[in-house]
Amino acid sequence: MENQKKIILTGDRPTGKLHVGHYVGSLKRRVELQESGAFDEIYIMIADAQALTDNADNPSKIRDNIMEVALDYLSAGLDPAKSNIFVQSTVTELTELSFYYMNLVTVSRLQRNPTVKSEIQMRNFETSIPVGFFTYPISQAADITAFGATTVPVGEDQAPMIEQTREIVHKFNSVYGETLTEPQILLPDNEACLRLPGTDGKAKMSKSLGNCIYLSETEADVKKKVMSMFTDPDHIRVQDPGKLEGNTVFTYLDAFSNDGHFAEYLPEYANLDELKEHYKRGGLGDVKVKKFLNNVMQEELSPIRARRAEYEKDIDGVYEILKSGSEAAQKKAAQTLKAVRRAMKIDYFDDPAFLQEQQRKYTIG
Ligand code: TRP
């Protein structure tokens, strides 16, 4: 389809404030895509229904984070005039779509989904997996296809979800006729942004480990976290040669810094490669590198912080953004659902042929 519309859908579970891993992994890219003007429609979803699949007994956690995530989105630069921000559970069409898609997926296929597998392990769900959690890849396929998304910008961990969605699209279209759009995943092109580690060097950033830098954090708190970041534990004296592998400060520099930052804050080095060479050789202390990283991160985060302060003064306005975004999203999903019901031949009362068929069948003569 040549003149197919280009549509983005992506989102986040509202289980906490968004951190810099979310930012470099996806949020920053969304803002760039939004500003590129290359997309006809952009939908950004606060995935509260998905968050409930493993937080069923803690609904206030989800409720408390709706506004938090909306503020993170807006302060990162998502512009409600260009991107439709909405709340998943308000679009009830998504649950109906999920129910139909469930018929097209096998239990063993879900069991093989690597993201679901590792999440089950992480949550110690092995023997008591909620059915809703187990099937969330199907609901994610509903999220993506309901909006006719062509492009799904997400982190690497979401790749199996997009793959599963593509399978559902193929299956649906081959059984019921060409109806759904096949989405493409869009991963960050910078390796370090694919999976930013926690400040302690652990692979996973998590609130309970206390190793995240949040988008909404104060300047002083960001600095404190950067200055205590994990580096090379064997790099004890300045003159010792240092290791870059697993060195969180350098991973963050890979993700955040550019040559302009060097000109501005560390002109003795032309670029990150030169800084790395010096570190490996020995003679470059961690504190100097951390101070540079702090400058780089503050430069990125301070406009975000400033925008947040403005939006926080206008919570009614943010509420309206969410409400009208949700209404627009619902309209779009309703169109897809209509096409799906038609393709599945269950649109009995919208399709005059249904009654005619029955009349022919039951009326003699
Ligand atoms: N699973 C995503 C996450 O954990 C959130 C999400 C739900 C999503 N539905 C989606 C992302 C559809 C992209 C497309 O953050």
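Residues numbered from 1 in each chain as written. Predicted model: local features only at pLDDT ≥ 70, side-chain atom pairs only at ≥ 80, totals over all residues. Heavy atoms only, no water.

A. Highlighting the overall build of the chain. What the chain contains, in helices and strands, is 17 helices and five strands. If you line up the chain on its principal axes, its C-alpha atoms span 100 × 45 × 45 Å. Looking at the chain as a whole, 51% of its 365 residues are labelled buried. Within the chain, contacts between residues separated by at least 24 positions form 76% of all contacts whose residues are at least 6 apart in sequence. Carbon and sulfur atoms make up 52% of the accessible area of the chain, which totals about 18400 Å². (Helix = DSSP H or I, 4+ residues; strand = E, 2+ residues; numbered from the N terminus. Buried < 20%, exposed > 50% of the residue type's maximum accessible area, 1.4 Å probe, protein only. Contact = heavy atoms within 4.5 Å. Areas by Shrake-Rupley, 256 points an atom, 1.4 Å probe, with all protein chains shown as cover.)

B. Representation of the domain arrangement of the chain in the model. According to the domain assignment, the chain consists of domain 1 (7–195 + 315–357) and domain 2 (219–310). For domain 1 versus domain 2, the distance between C-alpha centres works out to 35 Å. Remark: the boundary between domain 1 and domain 2 carries three salt bridges. Among the salt bridges present, the one from Glu300 reaches Lys28, with a minimum N-O distance of 3.4 Å. There are six residue pairs in polar contact (both at pLDDT 80 or more) connecting domain 1 and domain 2. Looking at the side of domain 1 that touches domain 2, the elements that each hand over two or more residues are helix H1 (20–36), helix H3 (59–76) and helix H10 (191–194). The element contributing the most residues to the side of domain 1 that touches domain 2 is H3, with six residues. Grouping the constituent residues of the side of domain 1 that touches domain 2 by class yields eight nonpolar, three polar and three charged. (Domains from an automatic or database assignment. Salt bridge = Lys/Arg side-chain N within 4 Å of Asp/Glu carboxyl O. Polar contact = N/O pair within 3.5 Å; in protein donor to acceptor, adjacent residues only side chain to side chain. Nonpolar A, V, L, I, M, F, W, Y, C, P; charged D, E, K, R; others polar.)

C. Here's a closer look at unusual backbone geometry. The phi dihedral of Lys345 is positive, around 60°, even though this residue is not glycine. Considering the arrangement of structural elements, one finds Lys345 in the loop between helix H16 (315–343) and helix H17 (352–362).

D. Broad picture of the packing of H3 against helix H15 (residues 286–312). It is the contact of H3 with H15, at a shortest axis distance of 8 Å, that shows an interaxial angle of 125°. With respect to their mutual orientation, H3 and H15 come out oblique. Classified by chirality, the crossing of H15 by H3 is right-handed. Seen from H3, the contacting residues are Glu68, Leu71, Asp72, Leu74, Ser75 and Ala76; seen from H15, they are Ile304, Arg307, Arg308, Tyr311 and Glu312. In terms of residue class, the contact of H3 with H15 is made up of five nonpolar, one polar and five charged. (Axes fitted to C-alpha atoms, helices over the stretch in contact; angles between N-to-C directions. Parallel < 35°, antiparallel > 145°, perpendicular 65-115°, else oblique. Left-handed = near helix turned anticlockwise from the far one by under 90°.)

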